[in-house]
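Working through the structure, step by step
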Amino acid sequence: MKSPRSFLACLAVLAGAVAACQAAVPTTELREIPVPPIRTPLGTRPGVGALPEHPALPDPLVMNDGTRVTTPELWARRRQEIRQILEYYAVGAMPPAPGNVKGRVVSAQTVLDGTAKYRLVHLTFGPDEKLFLDIGIFTPASGGPFPAVIMPSGTPPGATPLPRLPPGPGQGHGVDALLTVGPGPAPGTSPDAAVNAAGGVPMPEKTRPAGPDEADKAAARAQPALERGYAYVMFNHNDCGEDTTLRNPDGSWAYRTTRFGPAYPEFDWGLLGVWAWGASRIVDYLETDPAIDGRCLIISGVSRTGKAALVAGAFDDRIAVTAPVVSGGGGVGAYRFSGEGRGGKEGLDVMVKKYPNWFSPHLREFGGHTDRLPFDEHWFIALLAPRGFLALEGTTDPVSLEQAVHASVAGAKPVYDLLGVPDRVGVNYADHGHTLTADDWKAVLDFTDQQFRDRQIDRRFDRFPSDRP
């Protein structure tokens, strides 16, 4: 056994070593590296320091000047105010519709033992028609025109997968995305650079038909819709803008060098806006497709693409039903009722650190100041009225936070009441986690049949988990 004196001597040596290590480690705290601002057509609005605390949900039926909205005519004016606020603070400035969407059927075949048809369609649009998007359209084998469900769900069968940038460091794992820059692509070196420089639309192997198994597997995922007389339209949201938190050497987002980004440098849209804008280009085409009933289009998506579906429905009045699945923070649930100290996951503070590339750059400054937001997520739902909205949530999904979803649905409902369609805003909780299930399919088809196809569906869409006996 060592003597007390030698033991104390060892402690002294250890303490000295620790002190030396501490001195060798820089004490400077890591600082966030700002994203270079982009001057957009939206101009400038008050920042977080100029806005008051507002713990309650901002009323969608009170105009900017304080006037109470009491008529549909006033609501039409208020909708424009709300859209401008959401675009500036939540989504980012989005380009106008290009007005030149064209589609070419690349291949066609039957699937599901001849009970359904599949077409791969190549869309072109945008400045000089340089932008493109492949979509897969599944329809029942006979009849039509069919109402259609639009859903981001991967590269369509037969389409050539596009090159992808890697995710950013720690993307999706709680890492603050603004702490690092690089090694994003230098200007002009993204996978799309050659496309833009050539001034054309690449179509490598576009004429190959999808393999029977490939097309049948994709069709099987949508079989609940096809069996009910609906079409199903799929696309890869990454073909609109790549989901990466990589940053370029100048601090700008690498996703802006991909897909649609280079064509619109004067817009500061986040990826949710990019993906939503892409979905609207699909709507442009579907309105011209004789197999599709353009009066009954449904937009859906799961998790992050559910958030984008909410944006698409709010900004595109041609979409009849918006039905996001387990969309979480930045989706259906109100920010003021989620996050640290408010219950649940995916509050505003978390979202603007982990995924600032999804949103308007102006949303970032509200981190730590949720109650100063001049809006909340119920405003997106309110913009849908008198069209349909159905939140598809999971009882075991931690991001399907009941109190936040309930607040948003209840906060938007007065707008539906004003317009005389109180039953067109609803929710369906199914017993599942962070996924899409057959119960979700049945719910959205039942809701659409009930509200927009004059079919007798004996079902309610106003029940939350806490309502169960």
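Residues numbered from 1 in each chain as written. Predicted model: local features only at pLDDT ≥ 70, side-chain atom pairs only at ≥ 80, totals over all residues. Heavy atoms only, no water.

Time to look at the overall build of the protein chain. Looking only at helices and strands, the protein chain features 11 helices and 9 strands. In the protein chain, which comprises 469 residues, the share counted as buried stands at 53%. Taking all contacts inside the protein chain whose residues are at least 6 apart in sequence as the whole, residues at least 24 apart take part in 75%. With an accessible surface of roughly 20,100 Å², the protein chain has 56% of that area assigned to carbon and sulfur atoms. (Helix = DSSP H or I, 4+ residues; strand = E, 2+ residues; numbered from the N terminus. Buried < 20%, exposed > 50% of the residue type's maximum accessible area, 1.4 Å probe, protein only. Contact = heavy atoms within 4.5 Å. Areas by Shrake-Rupley, 256 points an atom, 1.4 Å probe, with all protein chains shown as cover.)

Rolling a probe over the atoms, with the probe sized like a water molecule, indicates the empty space that remains. Reported here for the largest pocket is a volume of approximately 500 Å³. Of the residues in the lining of the largest pocket, the class split is 15 nonpolar, 5 polar and 6 charged. Taken as a whole, the second largest pocket encloses approximately 370 Å³ of empty space. Every residue lining the second largest pocket is counted, 18 residues in all, and those nearest its centre are L51, N64, I85, P374 and W379. The dominant element in the lining of the second largest pocket, judged by the number of residues it contributes, is helix α2 (residues 72–91), at 3 residues. Across the lining of the second largest pocket, the residue classes tally to 11 nonpolar, 3 polar and 4 charged. (1 Å grid on protein atoms, 1.4 Å probe; cavity = no way out; pocket = protein on both sides within 12 Å on 5 of 7 lines; lining within 4 Å. Points joined across faces, edges and corners; volume = space filled by probe spheres on them. Nonpolar A, V, L, I, M, F, W, Y, C, P; charged D, E, K, R; others polar.)

Our focus in this paragraph is the pattern of salt bridges. Summed over all chains, the structure comprises 29 salt bridges. R83 is the partner of D317 in a salt bridge, and the nearest nitrogen-oxygen pair spans 2.6 Å. Separated by 234 residues along the polypeptide, D317 in the loop between α7 (304–315) and β7 (321–325) and R83 in helix α2 bring together distant segments of the chain. Since its relative accessible area comes to 13%, R83 is described here as buried. In this structure, a network of salt bridges that share partners links the residues R228, K442, D446, D449, R453 and R459. (Salt bridge = Lys/Arg side-chain N within 4 Å of Asp/Glu carboxyl O.)

Here we take up the packing of aromatic side chains. Following the criterion strictly, the structure yields 17 aromatic pairs and no others. Ring geometry for Y88 and Y89: centres 4.8 Å apart, planes at 80°, overall edge-to-face. Ring centres of Y264 and F267 lie 6.1 Å apart, and the angle between their planes is 75°; this geometry places the pair in the edge-to-face category. By relative accessible area, which is 7% here, Y264 ends up buried. Put simply, the rings of F125, F260, Y264, F267, W269 and W277 pair up and form one aromatic cluster. R247 extends its terminal NZ or CZ atom over the ring of W253, reaching a point 5.5 Å from the ring centre. (Phe/Tyr/Trp six-rings, centres within 6.5 Å; stacked < 30°, edge-to-face > 60°. Lys NZ or Arg CZ within 6 Å of the ring centre and 35° of its normal.)

If you look at the biggest cluster of nonpolar residues, it comprises 90 residues, and the most contacted ones within it are I135, I282, L286, F375 and F389. When near neighbours in sequence (up to four residues on either side) are disregarded, F389 contacts L310, T322, P324, V332, I381, L384, V409, Y416, R424, V425, G426 and F447. Within the second largest apolar cluster, 33 residues are counted, among which are L120, A218, Y232 and L390. (Core = buried A, V, L, I, M, F, W, Y, C linked by side-chain atoms within 4.5 Å.)

Glancing now at the environment of G433. With respect to the helices, strands and loops of the structure, G433 is situated in the loop between β9 (425–430) and α11 (438–452). A relative accessible area of 19% places G433 in the buried class. Along the chain, G433 and T395 lie 38 residues apart, while their C-alpha atoms are 6.7 Å from each other. What G433 contacts, discounting residues up to four positions off in sequence, is V326, G394, T396 and D397.

Excluding glycine, most residues fall at negative phi; most peptide bonds, likewise, are trans. The residue after G144, namely P145, is reached through a cis peptide bond having omega 0°. Turning to its location among the elements, P145 is positioned in the loop between β3 (131–140) and β4 (146–152). With an omega of 5°, the peptide bond running from A385 to P386 counts as cis. Relative to the helices and strands, P386 is located in the loop between α9 (378–384) and β8 (388–394). Within the chain, R259 stands out as a residue other than glycine whose phi angle is a positive 50°. Mapping R259 onto the fold places it in the loop between β5 (231–235) and α6 (271–286).

Packing of α2 against α7 leaves a shortest axis separation of 11 Å and a crossing angle of 150°. By the angle between their axes, α2 is roughly antiparallel relative to α7. The two elements α2 and α7 meet at a crossing, and its hand is left-handed. Residues R79, R83, L86, E87 and V91 of α2 form the contact with α7, whose participating residues are V311, A314 and F315. For the contact of α2 with α7, the per-class residue count stands at 5 nonpolar, no polar and 3 charged. (Axes fitted to C-alpha atoms, helices over the stretch in contact; angles between N-to-C directions. Parallel < 35°, antiparallel > 145°, perpendicular 65-115°, else oblique. Left-handed = near helix turned anticlockwise from the far one by under 90°.)

Its 16 residues give α6 an end-to-end C-alpha distance of 23 Å, which sits within 8% of 22 Å, the value for a rise of 1.5 Å per residue. A large share of α6 lies buried, amounting to 16 of its 16 residues. (Expected span 1.5 Å × (residues − 1).)

What follows deals with the side chain of R281. Tracing the chain through its elements places R281 in helix α6. A relative accessible area of 3% means that R281 is categorised as buried. If we ignore the near neighbours within four places in the chain, the residues touching R281 are A97, P98, V101, L123, F125 and R318.

Let us look at the packing of α6 against α7. Remark: α6 packs on α7, axes separated minimally by 8 Å, with the N-to-C direction vectors making an angle of 60°. α7 is crossed by α6, and the crossing has right-handed handedness. Residue-level contacts link L272, G273, W275, A276 and A279 of α6 to R304, K307, A308, V311 and A312 of α7.

What follows concerns the sheet that holds β8. Read across the open sheet, the 9 strands follow the order β1-β2-β3-β5-β4-β6-β7-β8-β9; overall the sheet is mixed. Both edges of this open sheet fall to β1 (102–111) and β9, since each of them pairs with a single strand only. Each adjacent strand pair in this sheet contributes to an overall mean axis angle of 20°, direction not counted. This element, α7, spans β4, β6 (292–302), β7 and β8 of the sheet and lies at about 145° to β6. In the packing of α11 onto the sheet, contacts are made with β4, β5, β6, β7, β8 and β9, and the angle to β8 comes to roughly 160°. (Pairing = 2+ DSSP bridges.)

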